[in-house]
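Take a look at the letters that make up each chain.
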Amino acid sequence: MDKDWPLYEVFVRGKRGLNHVHVGSLRAADDTMALRNARDLYTRRNEGVSIWVVKARDITASSPDEKDPFFAPSGDKVYRHPTFYDIPENVPHI
């Protein structure tokens, strides 16, 4: 029966983290069940402060195989990189 349930991708933000990180997948009958099951499955040690569950079918992603042509348009925007001016001596460098 549960193989007919939608697949959800689970993202958790840890106590010390600033970003949500993909931690796994699960199947659930609805969004509420997915969120509760994700909590029980992926934050058993009280390490999470926020959980996202997203139906896998709703995620659209680029393919690593297409990285060169997909990201090529940004290559001609060199003006977005701070390479056209000199940093003064009194400005600290990171």
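Whatever comes next refers back to the structure up there.
Within each chain, residue numbers correspond to sequence positions counted from 1 in written order. Under the rules for a predicted model, residues below a pLDDT of 70 receive no local features and side-chain atom pairs below 80 are neither given nor counted, while totals for whole chains, interfaces and linings still include all residues. Only heavy atoms go into the side-chain values, all of them from the structure, while hydrogens and water stay out.

> Even after reading the chapter, I still don't get the overall build of the protein, so can you show me in this structure?
Numbering of helices and strands runs from the N terminus; a helix is a DSSP stretch of H or I covering at least four residues, while a strand is a stretch of E covering at least two. The helix and strand inventory of the protein stands at 2 helices and 3 strands. Starting at the N terminus and ending at the C terminus, the protein contains elements arranged as β-β-α-β-α. Here's how the labels work: a residue is buried when its accessible area is under 20% of the maximum for its type, exposed when over 50%, partly exposed in between, all with a 1.4 Å probe on protein chains only. Sorting the 94 residues of the protein into buried and exposed places 14% on the buried side. All accessible areas in this document rest on Shrake-Rupley with a 1.4 Å probe, and a residue is counted as covered only by the protein chains that are shown. When the accessible surface of the protein is split by element, carbon and sulfur atoms take 53% of a total near 8,100 Å².

> Would you explain the nonpolar core in this entry?
Across soluble globular proteins, you tend to see nonpolar side chains buried next to one another. Grouping buried Ala, Val, Leu, Ile, Met, Phe, Trp, Tyr and Cys residues that are joined through side-chain atoms within 4.5 Å yields what is termed a nonpolar core. Counting 8 residues, the largest nonpolar core consists of Tyr-8, Val-10, Val-12, Leu-26, Ala-28, Ala-34, Ala-38 and Tyr-42. Of all the secondary-structure elements, those providing two or more residues to this core are strand 1 (7-14) and helix 1 (31-42). Ignoring anything within four residues of it in the chain, the contact list for Ala-34 reads Tyr-8, Leu-26, Ala-28 and Val-53. Any two residues whose heavy atoms approach within 4.5 Å are treated as being in contact.

> I keep staring at the pairing of strand 1 and nothing clicks. Help me out?
On a regular strand, each side chain points to the face opposite its neighbour's, so the side chains alternate between the two faces of the sheet. Relative to strand 2 (residues 21-27), strand 1 runs antiparallel, the two being bridged by 6 bridges. Bridge pairing in strand 2 links Val-10 to Gly-24. A pair of strands counts as paired when DSSP detects no fewer than two bridges linking them. Where strand 1 folds back on strand 2, the antiparallel hairpin that results is connected by 6 residues. Strand direction decides the pairing type here: strand 1 and strand 3 (residues 48-55), joined by 7 bridges, are antiparallel. Note on strand 3: the bridge partner recorded for Arg-13 is Ser-50.

> Just checking my understanding: could you explain the sheet that holds strand 2 for this structure?
Two orientations exist for strands paired in a sheet by backbone hydrogen bonds: parallel and antiparallel. With antiparallel pairing, the 3 strands of this open sheet are ordered in space as 2-1-3. One side of each edge strand has no neighbouring strand; the edge strands of this open sheet are strand 2 and strand 3. In this sheet, neighbouring strand axes are inclined to one another by 25° on average, regardless of whether the strands run parallel or antiparallel. Each axis is a line fitted through C-alpha atoms, taken for helices only over the stretch in contact, and angles between the N-to-C directions span 0 to 180 degrees.

Read these as layout, nothing more, since geometry by itself doesn't imply function.
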